[in-house]
Amino acid sequence: MSTHMALILAAGKGTRMHSDKPKVLQTVLGEPMLASVIAALQPVFAGNIFMVVGHRAEMVRKAFPDGRFVLQEEQLGTGHALAQALPVLQAEGCTHLLVVNGDTPLLSEAVVTGFLEKAKGADLAFATILLDEPGAYGRVVRRDGKLMGIVEAKDYDSKTFGAGTGEVNAGMYCLSLDVAARLLPRIGNDNKSGEYYITDLVALALEEDLDVRGIACGRDESLLGVNSPRELSHAEEIARARIVDALLSSGVIIHAPELVRVGPLAHVEPGAEITGPCEIYGRSEIRRGAQIASHCVIRDCVIEGGAEIRSFCHLEGAHVSQGALVGPFARLRPGAELEADSHVGNFVELKKSRLGRGAKANHLTYLGDAQIGAGTNIGAGTITCNYDGKHKFQTHIGEKAFIGSNTALVAPVTVGAGALVGAGSVITRDVPDEALAIARERQKNIERKIKG
Ligand code: UD1
Ligand code: CA
């Protein structure tokens, strides 16, 4: 019986990115590149996906708490990375392995399954693509149509290998584990980089007359690798255009689509309306009939039908119900819950706070750790003082209350239903239902003697 598993090479530093972050954690539309690679493999390999990590391995592990990892302590090349994983995979009973570079964020399930289909029965197969500018990719060398091997860009010289056809190695391989185990010890590092190349397996397998296939995938952009900031932005633009195009086809209304960025995990229903420039990331859900105006950044939010997000809003981890109105210039932080028909206006910030049905906080307000009852009005400049420097405290306001402008609510505190708080109050004690609370110095008007 054969058991297929997948291995993602993700231990490299990514020197060309000039970043402290491991390359595979660089994001494309808000998601780490590695997440996109995993997502493409998951439908085929489910739990049988391993990742080789090394450079800042802890950071990568933390980003994927459910991942299965193999450590490559020193990053001595892609061949060395595979060799580190071999014993682990053998112990898992793996017989056939798909290896893919972790820096191919445009990979899709369809490309993986298409490749596996063509690789069936081969001892070693690898995907190739055609590029006008082969750049730093490994060159596929064929002589009279016969595959000879892969020569890395640094080691390629046209006198020996010819001008080249633009066919390059895409960094996706399918191999028998027995073959890998036999050939890996024979790979050397006598090359320009001083690294152990996985690509050297090709020539070694050919020497043994094994079934080796360079599977041509044409100009498929799904296999582009990302090594530099320019390549990252190029891949991101391809991903962005693909997603927006799919949304338009499905029936999402998009104004200025070239300026709309939607992450791969976000779900926008047909009949939602979005205006660019705008960014929607994470596991956001934008329902049919929701409207998102320009200059909004939305991450991990649910925006229900009939809700309207006006321009220049920043929303994260918020739930905005039917008919609610947000912005312009509002900030909803994690745990903000807007019930139906509630309003949040300009320069209002909510954190871990619920605004009841039809409640309003229209201007210049901070509501943190607060529960606001239905129909309550929060006046301009109201602030919940929820933090004493050590702990956070709750504010409760009942239904149909009225909080006058410029009120400070010193938590923990409860304002009853139907209560009225006078403008400029500092509320430190609970206010009973229906009561009027005023907590400010009474105004004195003092007569002045004006000379002359
Ligand atoms: C590699 C291929 C090249 C191919 C290109 C496709 C080799 C030697 N070359 O080149 O033929 O055209 O991909 O995109 O494989 N990694 C490790 N451990 C290491 C080194 C790298 O896990 O010691 C990982 C990296 O994190 C990366 C992947 O392997 O995800 C590829 O490494 P990278 O340095 O990007 O190889 P390329 O130069 O792009
Ligand atoms: Ca690469």
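Relevant structure appears above.
The text that follows walks through the structure, step by step, so that each part is easy to find. (Residues numbered from 1 in each chain as written. Chains lettered and ligands numbered in written order. Predicted model: local features only at pLDDT ≥ 70, side-chain atom pairs only at ≥ 80, totals over all residues. Heavy atoms only, no water.)

**So, the layout of surface pockets**
Sizing a probe to match a water molecule and rolling it over the atoms shows the empty space that remains.
Thinking step 1. When its volume is computed, the largest pocket comes out at roughly 1,100 Å³.
Thinking step 2. Taken together, 36 residues make up the lining of the largest pocket; nearest its centre are Arg16, Lys23, Thr78, Glu195 and Asn227.
Thinking step 3. Secondary structure elements with two or more residues in the lining of the largest pocket: α3 (78–91) and β10 (167–176).
Thinking step 4. Counted by class, the lining of the largest pocket contains 13 nonpolar, 16 polar and seven charged residues.
Thinking step 5. In this model, the second largest pocket occupies a volume close to 710 Å³.
Thinking step 6. Around the second largest pocket sit 30 residues that line it, and Ala35, Ser36, Ile38, Ala39 and Ala40 are the ones nearest its centre.
Thinking step 7. If you list the elements that add at least two residues to the lining of the second largest pocket, you get α1 (33–45), β4 (49–53) and α8 (229–250).
Thinking step 8. Per element, the largest residue contribution to the lining of the second largest pocket is six residues, and it comes from α1.
Thinking step 9. Tallied by class, the residues present in the lining of the second largest pocket amount to 19 nonpolar, five polar and six charged. (1 Å grid on protein atoms, 1.4 Å probe; cavity = no way out; pocket = protein on both sides within 12 Å on 5 of 7 lines; lining within 4 Å. Points joined across faces, edges and corners; volume = space filled by probe spheres on them. Helix = DSSP H or I, 4+ residues; strand = E, 2+ residues; numbered from the N terminus. Nonpolar A, V, L, I, M, F, W, Y, C, P; charged D, E, K, R; others polar.)

**Describing the site of ligand 1**
Thinking step 1. With respect to spatial proximity, 26 residues lie near ligand 1, and among them Leu9, Gln72, Thr78, Glu152 and Asn169 are the closest.
Thinking step 2. One nitrogen or oxygen atom from the main chain of glycine 102 is found 3.2 Å from an oxygen atom belonging to ligand 1.
Thinking step 3. The contact in question runs from an oxygen atom of ligand 1 to an N or O atom on the side chain of aspartate 103, over 3.0 Å.
Thinking step 4. Expressed as a share of its isolated accessible area of 760 Å², the protein-covered part of ligand 1 is 91%.
Thinking step 5. Judged by its atoms lying within 2 Å of the grid points, ligand 1 is housed in the largest pocket.
Thinking step 6. Going through the elements one at a time, α3 and β10 are the ones with two or more residues in the shell around ligand 1.
Thinking step 7. When residues in the shell around ligand 1 are grouped by element, the largest group, four residues, is from β10. (Near = heavy atom within 4 Å. Polar contact = N/O pair within 3.5 Å; in protein donor to acceptor, adjacent residues only side chain to side chain. Areas by Shrake-Rupley, 256 points an atom, 1.4 Å probe, with all protein chains shown as cover. Sits in = over half its atoms within 2 Å of the grid points.)

**What to know about the coordination of the calcium ion (ligand 2)**
Thinking step 1. Protein coordination at the calcium ion (ligand 2): the donors are Asp103 (OD) and Asn227 (OD1), at 2.2 to 2.4 Å from the metal. Note that aspartate 103 is positioned in the loop between β6 (96–101) and α4 (109–119) and asparagine 227 in the loop between β11 (212–216) and α8, a separation of 124 residues in sequence. Both residues of the pair, aspartate 103 and asparagine 227, count as buried. (Donors = N, O, S within 2.8 Å, 3.2 Å for Na, K, Ca; no water. Buried < 20%, exposed > 50% of the residue type's maximum accessible area, 1.4 Å probe, protein only.)

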